[in-house]
Amino acid sequence: MSRAPVDHRLDPRDDRVARFCGERNLATLTTVRPDGTPHVVPVGVTFDAGAGLARVITSRTSRKARLVAAAPGTAVAVCHVDGRRWLTIEGRAVVRTDPAAVREAERRYTERYRPPRPNPDRVVIEITVTRLLGSL
């Protein structure tokens, strides 16, 4: 007897999503290299359900920022795992360099994790969320 497939789609406004995204869980960000292979790195990420955005702060010279900057609107995924609980944020990414966007991302990062170290080359990878999947 086969089991029915489980639907792991989540509503961004689900309270479980907000609680999970308020915990200090690290995640991985997956981008795609020009040769089609995945580039996966650990990141801190914040999620803004109201705006439908996830944000990752990084240096403009990082490989992840350069990959996204080279292909604005590229598909990416951010995945959190905490034991049996997990959440994947899928979306389209762009790099934001304007000071207001960087300050907002730093403020949100500080709320979830801690104040980031100073970085004059900081940018924000901003992800417009297209789908949330998880088991919370």
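Placed above this text is the structure.
Presented here is a report on the structure given in the accompanying data block. (Residues numbered from 1 in each chain as written. Predicted model: local features only at pLDDT ≥ 70, side-chain atom pairs only at ≥ 80, totals over all residues. Heavy atoms only, no water.)

**Focus on the side chain of His39**
Okay, step 1: Structurally, the position occupied by His39 is in strand β2 (residues 38-43).
Okay, step 2: A polar atom in the side chain of His39 sits 3.5 Å from the side chain of Arg33.
Okay, step 3: Ignoring any residue separated from it by four or fewer positions in sequence, one finds His39 in contact with Leu29, Thr30, Thr31, Arg33, Arg63, Lys64 and Leu67. (Helix = DSSP H or I, 4+ residues; strand = E, 2+ residues; numbered from the N terminus. Polar contact = N/O pair within 3.5 Å; in protein donor to acceptor, adjacent residues only side chain to side chain. Contact = heavy atoms within 4.5 Å.)

**Description of the sheet that holds strand β7 (residues 122-135)**
Each strand in a sheet pairs with another by means of backbone hydrogen bonds, the pair being arranged parallel or else antiparallel.
Okay, step 1: Strand order across the open sheet formed by 7 strands is β2-β1-β5-β6-β7-β4-β3, with antiparallel pairing between neighbours. The sheet terminates laterally at β2 and β3 (46-48), the two strands that pair on one side only. Geometrically, the sheet is characterised by an average inter-axis angle of 30 degrees between neighbouring strands, direction not taken into account.
Okay, step 2: As paired elements, strand β1 (residues 27-32) and strand β5 (residues 74-82) share 4 bridges and run antiparallel to each other. Looking at the pairing, Leu29 lines up with Val78 of β5. (Pairing = 2+ DSSP bridges. Axes fitted to C-alpha atoms, helices over the stretch in contact; angles between N-to-C directions.)

**Section: the pairing of β2**
Okay, step 1: Covered by surrounding structure in β2 are His39, Val41 and Val43 only, the residues Pro38, Val40 and Pro42 on the alternate face being uncovered.
Okay, step 2: Summarising the sheet, β1 and β2 pair through 6 bridges and their orientation is antiparallel. By the bridge assignment, Thr31 is partnered in β2 with His39.
Okay, step 3: What sits between the antiparallel neighbours β1 and β2 is a turn of 5 residues, in which Gly36 has the positive phi angle 90 degrees. (Buried < 20%, exposed > 50% of the residue type's maximum accessible area, 1.4 Å probe, protein only.)

**Notes on the nonpolar core**
Okay, step 1: Formed by 28 residues in total, the largest nonpolar core has its most connected members in Leu29, Leu87, Ile89, Ile127 and Leu132.
Okay, step 2: For this core, the elements supplying multiple residues, two or more each, are α1 (15-22), β1, β2, β4 (53-59), β5, β6 (85-96), α3 (99-112) and β7.
Okay, step 3: The element contributing the most residues to this core is β7, with 5 residues.
Okay, step 4: The residues touching Leu132, leaving out its near neighbours within four places in the chain, are His8, Arg9, Leu10, Asp11, Pro12, Val17, Phe47, Leu87, Thr88 and Ile89. (Core = buried A, V, L, I, M, F, W, Y, C linked by side-chain atoms within 4.5 Å.)

**So, the side chain of Glu126**
Okay, step 1: With respect to the helices and strands, the residue Glu126 is situated in strand β7.
Okay, step 2: Polar side-chain contacts of Glu126 include one of 3.0 Å to the side chain of Arg96.
Okay, step 3: When residues no more than four places from it in sequence are discounted, the contact partners of Glu126 are Leu53, Ala54, Arg55, Arg92, Ala93, Val94 and Arg96.

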